[in-house]
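# Observations on the three-dimensional arrangement
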There are 2 protein chains.
Amino acid sequence: MQISKGVEWAVHAASMMAALPEGRGLKAAALAHYHGVPTAYMAKQLQALSKAGIVQSSRGAHGGYRLAKPATDISLWDITAAIEGHGPAFRCTEIRQNGPCGLKRKDCKRPCQIAAAFSSAERAFRDSLKAVTLAHIGLQVVRDSEPEHLSDIMHWLESEVMPLSDTP
Amino acid sequence: MQISKGVEWAVHAASMMAALPEGRGLKAAALAHYHGVPTAYMAKQLQALSKAGIVQSSRGAHGGYRLAKPATDISLWDITAAIEGHGPAFRCTEIRQNGPCGLKRKDCKRPCQIAAAFSSAERAFRDSLKAVTLAHIGLQVVRDSEPEHLSDIMHWLESEVMPLSDTP
DNA sequence: GTTATTCGGACATTTAATATCCGAATAATG
DNA sequence: CATTATTCGGATATTAAATGTCCGAATAAC
Ligand code: SF4
Ligand code: SF4
């Protein structure tokens, strides 16, 4: 029951993009270098975000990534699901159909109480993550950081931010 | 973000033991055969439950496993944690300390909002599983099963159940 | 004491996560 | 419009973890 490291990186990258002005983006290498992680693997996560419709990508010179929708519409669950997949964590293999007292498939129309309990727990997990958006994260970062640190970030952004072409 | 198959097997095995009369047990091979899973791997999960204090084991002839405490005191989270470990699913690698704008370790006294959000979601997951005990599962199995099927189970139990020695 | 039996941990195998590489596509440039 | 520099995209190795298997240590019956 481990969450991939890629989720952490993707959330950080998305939070960074949420701080950019409208129409600007960052290339994968910049996002990776900023966080001190392998470039190619960070790129893989951004690819997953792109396929999920969370970010838009532009190729070629001055290409890069930007958010595909407002930060208020992107929850931590959206990002987690994009990287880890939407499937349930508890995989029921229907072993009640096995063995000497196995049930017939006909009697397994609905999930049992064990599967239902795990399903309910996962729903609670999802709902908790759905309640937190990138907008919330950004707001709290601004509130909790030293002004000096925010200045550093702004300075770095100015040196790396790319004016993306408008037609992806 | 996958939960090990061993969790499913362990929950099933524990539910089976919860149906036994006081002082009786089942050997690992019987539990594995009943569920149609590899014997040695089921044994591994039972070992984990034993180390976690959820079941008691007795070795030697007429040995086997039994619950170490009442079914009302064993939750699905207890079993999940025994198999999967107690560590958090979201592993924060403190990448905010990396890169050109990395924070000093001094400024990372408390977890950030991202880590806090995942921690909160995992707490919701745990609390949901903690609310379901083996007693609940057993009660619902009896209510939802065909009498014919329950009879099959009772019959099988009588042929496989072992009177464990009282001093583990 | 002997023996049959069972659990316990050490040992392979398979799968998934992690990390990397090179080709396809795009926009700037002349 | 052709060229070229640049960037994303998917296919490809490598490593860690989950899965599956085995044999010795311990115990109780005899
Ligand atoms: S968890 Fe429930 S549905 Fe899944 S195999 Fe077990 S009894 Fe069947
Ligand atoms: S999730 Fe939070 S605590 Fe963890 S590395 Fe990112 S900023 Fe730091």
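Residues numbered from 1 in each chain as written. Chains lettered and ligands numbered in written order. Predicted model: local features only at pLDDT ≥ 70, side-chain atom pairs only at ≥ 80, totals over all residues. Heavy atoms only, no water.

### Focus: the packing of aromatic side chains
Residues and elements named next belong to chain A. Going through the model one piece at a time under the given rule, you end up with seven aromatic pairs over all chains. Geometrically, the ring pair formed by phenylalanine 90 and phenylalanine 118 is stacked, given 4.1 Å between the ring centres and 10° between the ring planes. Residue phenylalanine 90 is located in the loop between α4 (76–84) and α5 (113–130), and its partner phenylalanine 118 is located in helix α5; the two are separated by 28 residues in the primary sequence. A cation sits over an aromatic face here: arginine 126 above tryptophan 77, 6.0 Å from the ring centre. (Phe/Tyr/Trp six-rings, centres within 6.5 Å; stacked < 30°, edge-to-face > 60°. Helix = DSSP H or I, 4+ residues; strand = E, 2+ residues; numbered from the N terminus. Lys NZ or Arg CZ within 6 Å of the ring centre and 35° of its normal.)

### Quick notes on the site of ligand 2
The environment of ligand 2 is made up of Glu8 and His12 of chain A together with Cys92, Glu94, Ile95, Arg96, Cys112, Ile114 and Ala115 of chain B. Chain contributions to the surroundings of ligand 2 come from chains A and B. Per-class residue counts for the shell around ligand 2 are five nonpolar, one polar and three charged. (Near = heavy atom within 4 Å. Nonpolar A, V, L, I, M, F, W, Y, C, P; charged D, E, K, R; others polar.)

### Some points on the site of ligand 1
By nearness alone, every residue bordering ligand 1 is listed as Cys92, Glu94, Ile95, Arg96, Cys112, Ile114 and Ala115 of chain A together with Glu8 and His12 of chain B. Ligand 1 sits at the junction of chains A and B, each of which supplies nearby residues. Mapped by element, the contributors of at least two residues to the shell around ligand 1 are α5 of chain A together with α1 (5–18) of chain B.

### Quick look at the protein's contact with DNA strand C
Around DNA strand C, 27 residues are found, and the nearest of them are Ser4 and Arg59 of chain A together with Gln47, Ser57 and Tyr65 of chain B. Near the protein, within 4 Å, the atoms of DNA strand C are sugar or phosphate in 71% of cases. Contacts to DNA strand C include arginine 59 of chain A, whose side-chain N or O atom sits 3.0 Å from a sugar or linking oxygen. For the surface near DNA strand C, the elements supplying multiple residues, two or more each, are α1 (5–18) and α3 (39–51) of chain A together with α3 (39–51), β2 (55–58) and β3 (64–67) of chain B. For the surface near DNA strand C, the class distribution of residues is eight nonpolar, twelve polar and seven charged. (Polar contact = N/O pair within 3.5 Å; in protein donor to acceptor, adjacent residues only side chain to side chain.)

### What about the pattern of salt bridges?
Pairs can form between side chains of opposite charge once their charged atoms are near each other. Residue and element names in this part refer to chain A. For the structure shown, the criterion picks out two salt bridges over all chains. Where arginine 96 meets glutamate 94, a salt bridge forms, and the shortest distance between an N and an O atom there is 2.9 Å. Judged by its relative accessible area of 24%, glutamate 94 is partly exposed. (Salt bridge = Lys/Arg side-chain N within 4 Å of Asp/Glu carboxyl O. Buried < 20%, exposed > 50% of the residue type's maximum accessible area, 1.4 Å probe, protein only.)

Interpretation note: all reported values are geometric properties and have no functional meaning in isolation.
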